[in-house]
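Report on the structure
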Amino acid sequence: MRKHDREKQILLNKDVQFGIVQLAWCHLLSTIRIRMLIVIDCGRLGVLGHLFLPYTHRYKTRIVLHTRDSKGDPDKALSAVYNLLKKAKVQAIIGPETHLPSKLLSLSAEKAAVPIFSFASPSSREYPYLFQIKQDESTMAKSIVALVTSFNWRNVIFIHADTDEGREILPCLAESLQDKNIRISYRSAISASATYDSITQELRKIMTFHTTVIILHVSPSLASTLILNAKRLGMVSEGYAWILTEKTVDLLRSTNFTVIESSQGALGFRSYVPPSDRLHSLTTKMHNFFYRNNFTSITKEVPVPALWAYDTIWALAESVEKVGVPHNAFMLLHEVLKIRFKGISGDFQLSEGKVLSNGYEIMNAVDMNGERRVGYWTHSQGIRRAYPQINSAHLYPTLGSESVIWPGGSTTAPKGWVLRATPSKRLKFGVQNINNFKYFMDVDHDVEKNVTTATGFSADVFYTCIHALPYEVPYTFILFENVSIDDLVQKVYDEEIDAVIGDSTILANRSEYVDFTATYTDLGVGTLARIKKKEMGMWFFLKPLQDFRLWLAAIFSLIFNALVVSAIELMNPASEVSLGTVSWTSFLLFILFAQKDRFSSNPAKFVMFVWFIVMVVLFASYGAFLTTVLTVEQFESASKRGIVGFHGGDFMKGVTVNNLHFENWNHRPYYSYEAYAHALSKDGDADAIVDEIPYIKMFLSRYPGDYALVSSQPITSGFAFIFQKGSPLVEDVSREIARIRLDGTLGSLENKWYENRIPLPSRNSTMPQLGLTVDKIGGLFIISAGISALTFLVTLFDLIRTSLRGFQNIINQFR
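No experiment lies behind these values; they were computed from the predicted model shown.

About the criteria used
Residues numbered from 1 in each chain as written. Predicted model: local features only at pLDDT ≥ 70, side-chain atom pairs only at ≥ 80, totals over all residues. Heavy atoms only, no water. Helix = DSSP H or I, 4+ residues; strand = E, 2+ residues; numbered from the N terminus. Buried < 20%, exposed > 50% of the residue type's maximum accessible area, 1.4 Å probe, protein only. Areas by Shrake-Rupley, 256 points an atom, 1.4 Å probe, with all protein chains shown as cover. Expected span 1.5 Å × (residues − 1). Arc of directions from axis to C-beta. Pairing = 2+ DSSP bridges. Axes fitted to C-alpha atoms, helices over the stretch in contact; angles between N-to-C directions. Contact = heavy atoms within 4.5 Å. Phe/Tyr/Trp six-rings, centres within 6.5 Å; stacked < 30°, edge-to-face > 60°. Lys NZ or Arg CZ within 6 Å of the ring centre and 35° of its normal. Core = buried A, V, L, I, M, F, W, Y, C linked by side-chain atoms within 4.5 Å. Patch = residues over 30% accessible without salt bridge, like charges linked within 9 Å, V, L, I, M, F, W, Y side chains within 5 Å. Salt bridge = Lys/Arg side-chain N within 4 Å of Asp/Glu carboxyl O.

It is worth spelling out the overall build of the protein chain at this point. Tallying secondary structure elements over the protein chain gives 24 helices and 29 strands in all. Out of the 815 residues in the protein chain, the part that is buried amounts to 50%. For the protein chain, the accessible area works out to roughly 39,900 Å², and carbon and sulfur atoms hold 55% of it.

See the structure below:
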């Protein structure tokens, strides 16, 4: 669009808006009698006097209107304020629309004790006489962040006007984004007088970033030039998302067809005004007025600032009606702050010097007619989708992506991040040069060719995944020496590099700044100990029976049961065996488990049967434990000085070791696999080493046979690759990691690098104490003794009963 045409369009829009404010005033003055001095410094109101309608006699107050037009010049606006305060002695000021320093306005208002209702300058508790009749910047920022969060975008680019007004929203926006862990990848300040070439140059710079979510906060006139250039450069296309603030959203109502066409797919925020009969009536009058007097206008809605001006006048008139024409301006100020009513713009209230927000409606540029409403945002409910009507019953909990038409005509929400890599411009992947804990990422840098290569388990996993992607990813390794993983995370966050490839542990605090892929290693940390081998002697077969208490229990049980059987046999009248014969026979039968037919009583046979079961279980356990001793070597942690070693670095010491709760143990860092081996050797000083499972597995592959992983706990999340927030490579590489884990490729890579592996024990597992003990099978002897005693008592009771019955028969015979 040519500059002349653009200026003509801006002038036309201003005339329309100022005329609507006229109409708002006239509609009010037709119902209220006023005698108070007010000035509006918001435009051309010369025809206002011709629009007055007959007054009603409901109110006694009458307002006298003084108008000034600054023509957008801040100096003229400020001069007009001073002039009217000193000469016209006005008692309230509504305006200006021009952004003026709050301090200058507030000092003037406070000195004159006159409230100023500004459409541009922000209010503050420090300035009680300055009111902000517009949406608060923090409210605008929260609504933008809610929209960004609803689509899971993690990075944005912010373009604003290079003015105080343009920068006003920045602190609120940055704070709100930070609260949701969203980052401003780049901030661009564009001057209102920027040339076509400078705007093009700035847009080309923005195109170099991976972020494709752009928040635009400039005037509609500047936005027109910017969006036309962006369209020409291919930035208003599929994959991009353009968000227009309330300051910019009038771009969607441009009279220029090319601007509307270039804006297709953009989302914008407009202050929400609830529908009402009064609003409809005012809109109808506005149409009648403008279509008769300004037939070139296509504006179909009353601008929100005009509605706020309308309600502000009502609030002022109602306040003056209650307190009268005040000699003390504080009375008027106090009364205005108490005003609450249902205005034409919605619920009207001045809270903390600001107009109460009714929220925003979210507009989408979808056709050549301009825009359509796709959702709402409010403080209480957040983002809501409107379909198909305004009625709250049709509000859905989220802004459905299917309801939005994005740039390029797509109905799929942009990811917010694109891969900008070409053979000539490669992605920068950071790698560490680690000299001690090798075999994960062994990096070599060729100084002559300036090429960095990497080998190792992590490198092989990366190569396998990145080469399996359905698209080419040009990249180059950037070598960093003497830096920590946290330092590299910061570099990724600052976009100095695009990713970190290596043995990077997934941590919650790191995830606030970067994205991790799925883990490609085992989870958790383990305890590494030295194996203590034991020699096998000629009496090795007695090892499972080394518990002395077990021998005593067996001998006691044997003697006890032999005596019980002997006693039962002696109590049997059918037995023909003497006491001595019974005792020796019972004892031998218990030992030999034979000749059970020599017993004449069934109770004795039952006791012997129970003892036989005990012997079978005892011998079976002996065989099982002896097999275990023969096939498994027991290893122990030989106590030395109570020292637990750990992987040298703040992470293992400050996070992992403390979480394991090693009470009364000294902690000592070690910085290589060789140091681990020496510390755990006979000449070393460590009882155990605590490290992440992948490092222990790699150590065991290099030092097999003498050491073992004796326990593990899943308190860390394993290793993963690091990418910038929102990078599409995170999802794609994670998918490849899951695939190679499933098809066995990851296992093959582990076999390649983790040579001579031993199976990992389960969580918190330790080697069992080998051997039979009375604690393990003592219950068998208790059961046997209990059954034997019970059988003896039953037999004895039966013998006594039989004897008493025989004795009773003898007595009966003598009678």
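Taking 1.5 Å per residue as the helical rise, helix H2 (residues 74-88) with its 15 residues ought to reach 21 Å, and the 20 Å between its terminal C-alpha atoms agrees with that figure. Listed as buried for H2 are Ala77, Leu78, Ala80, Val81, Leu84, Leu85 and Ala88. Seen from one end, H2 has its buried residues packed into an arc of 155 degrees, which puts them on one side. Exposed positions of H2 whose direction lies more than 90 degrees from the buried face are Asp75, Lys86 and Lys87.

If you trace the five strands from one edge of the open sheet to the other, you get E26-E25-E27-E24-E28, paired in mixed fashion. Each edge of the sheet is formed by a strand with only one pairing partner; in this case those strands are strand E26 (666-670) and strand E28 (707-713). Pairwise comparison of adjacent strand axes, ignoring direction, gives a mean angle of 30 degrees for this sheet. Relative to strand E27 (residues 688-692), strand E24 (residues 525-530) runs antiparallel, the two sharing four bridges. Within the sheet, the bridge partner assigned to valine 525 lies in E27 and is glutamate 692.

Okay, helix H12 (residues 329-338) next. What H12 keeps buried is the set Ala329, Leu332, Leu333, Glu335 and Val336. Buried residues in H12, looked at end-on, bunch into an arc of 165 degrees, giving them a common side. Residues of H12 that are buried sit in contact with strand E4 (116-118), strand E5 (130-132), helix H11 (304-323) and strand E12 (346-351).

Turning to unusual backbone geometry, a few remarks are in order. One non-glycine residue, asparagine 482, adopts positive backbone phi at about 60 degrees. Looking at the secondary structure, you find asparagine 482 in the loop between strand E21 (475-480) and helix H14 (485-493). Phi angles above zero are rare outside glycine, and glutamate 495 is one such case at about 65 degrees. By the secondary structure assignment, glutamate 495 is in the loop between H14 and strand E22 (499-505).

Quick look at the packing of aromatic side chains now. Applying the stated criterion across every chain yields a total of 32 aromatic pairs. Between tyrosine 439 and tyrosine 673 the ring centres are 6.2 Å apart and the planes differ by 10 degrees, which places this aromatic pair in the stacked class. Of the two residues, tyrosine 439 sits in the loop between strand E18 (427-432) and strand E19 (442-446) while tyrosine 673 sits in helix H20 (residues 673-680), which places them 234 residues apart along the sequence. Ring geometry for phenylalanine 462 versus phenylalanine 721: centroids 5.9 Å apart, planes at 75 degrees, classification edge-to-face. You can see phenylalanine 462 sitting in helix H13 (residues 457-467) and its partner phenylalanine 721 sitting in strand E29 (residues 719-723), a full 259 residues away along the chain. When sorted by exposure, phenylalanine 462 lands in the same class as phenylalanine 721, which is buried. In this structure, arginine 183 packs its charged tip against the face of tyrosine 493, placed 4.5 Å from the ring centre. One cation-aromatic arrangement involves arginine 702 over tyrosine 439; the distance from NZ or CZ to the ring centre is 4.0 Å.

Counting 52 residues, the largest nonpolar core has Phe429, Phe457, Val461, Leu528 and Phe721 as the members making the most contacts within it. Excluding anything up to four places from it in sequence, phenylalanine 721 contacts Ser458, Val461, Phe462, Val500, Ile501, Gly502, Asp515, Phe516, Thr517, Tyr520, Val733 and Ile737.

A cluster of nonpolar side chains, contributed by Phe609, Phe612, Ile613, Val616 and Val617, occupies part of the molecular surface with about 420 Å² of accessible area. Take valine 617: it is sitting in helix H18 (residues 602-631). Taking relative accessible area as the criterion, valine 617 reaches 33% and is therefore assigned partly exposed.

Purely geometric stuff here, so don't read any function into it on its own.
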